[in-house]
Amino acid sequence: LKQKRSFLFHGLAAAIGVTLILYLVLLRLIFRKISRSLDQIRNGLDEVRHGSLLTRIEVSTEDELAEIAETFNNMVDRLRVTTAEREALRMGKPA
């Protein structure tokens, strides 16, 4: 009976260990994907901050970060149009 308990304990410990390792690997993959998306958004914001209104962020997922990226792209598109309209008004020409 003692040997059977020891065997069960070691089997359970091994199963918990393997599960923990798989969980950590999965977490790392998720965090890496989130980090990449945030890096793209940060880089896009930085480009716009430096005056580039042709910047686009690639949207390759359907999560909240993709929604932010799509909103960013729409904002930059609108900024580009508004800037062109303002410049045309300044020059006395219709946009």
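Residues numbered from 1 in each chain as written. Predicted model: local features only at pLDDT ≥ 70, side-chain atom pairs only at ≥ 80, totals over all residues. Heavy atoms only, no water.

Undergrad: Looking at this structure, how should I read the overall build of the protein chain?
TA: Regarding its fold elements, the protein chain presents 2 helices and 0 strands. Relative to its length of 95 residues, the protein chain is extended, with a C-alpha radius of gyration of 26 Å against a globular reference of 12 Å. For the protein chain, the spread of C-alpha atoms along the principal axes amounts to about 95 × 20 × 10 Å. A separation threshold of at least 6 residues defines the contact pool for the protein chain, and within that pool the share at least 24 residues apart is 37%. Total accessible area on the protein chain stands at roughly 8,200 Å², and carbon and sulfur atoms take up 64% of it. (Helix = DSSP H or I, 4+ residues; strand = E, 2+ residues; numbered from the N terminus. Rg over C-alpha atoms; globule rule 2.2 N^0.38 Å. Contact = heavy atoms within 4.5 Å. Areas by Shrake-Rupley, 256 points an atom, 1.4 Å probe, with all protein chains shown as cover.)

Undergrad: In this structure, what is going on with a positive patch on the surface? I would like to understand it.
TA: On the surface, a cluster of positive charge is contributed by R28, R32, K33 and R36. With respect to the helices, strands and loops of the structure, R36 is situated in helix 1 (residues 2-49). On the accessibility criterion, R36 (54% relative accessible area) is exposed. (Patch = residues over 30% accessible without salt bridge, like charges linked within 9 Å, V, L, I, M, F, W, Y side chains within 5 Å. Salt bridge = Lys/Arg side-chain N within 4 Å of Asp/Glu carboxyl O. Lys, Arg positive; Asp, Glu negative; His and termini not counted. Charge placed at Lys NZ, Arg CZ, Asp CG, Glu CD. Buried < 20%, exposed > 50% of the residue type's maximum accessible area, 1.4 Å probe, protein only.)

Undergrad: Please explain the environment of R49 as it appears in this structure.
TA: Inspection of the secondary structure puts R49 in helix 1. Taking the C-alpha atoms as reference points, R49 and N74, separated by 25 residues in sequence, lie 16 Å from one another.

Undergrad: Just to check I follow, could you spell out a nonpolar patch on the surface for this structure?
TA: A cluster of nonpolar side chains, namely L26, I30, F31, I34 and L38, defines an oily patch on the protein surface of about 460 Å² accessible area. Tracing the sequence through the fold places F31 in helix 1. Overall, F31 belongs to the exposed group, its relative accessible area being 52%.

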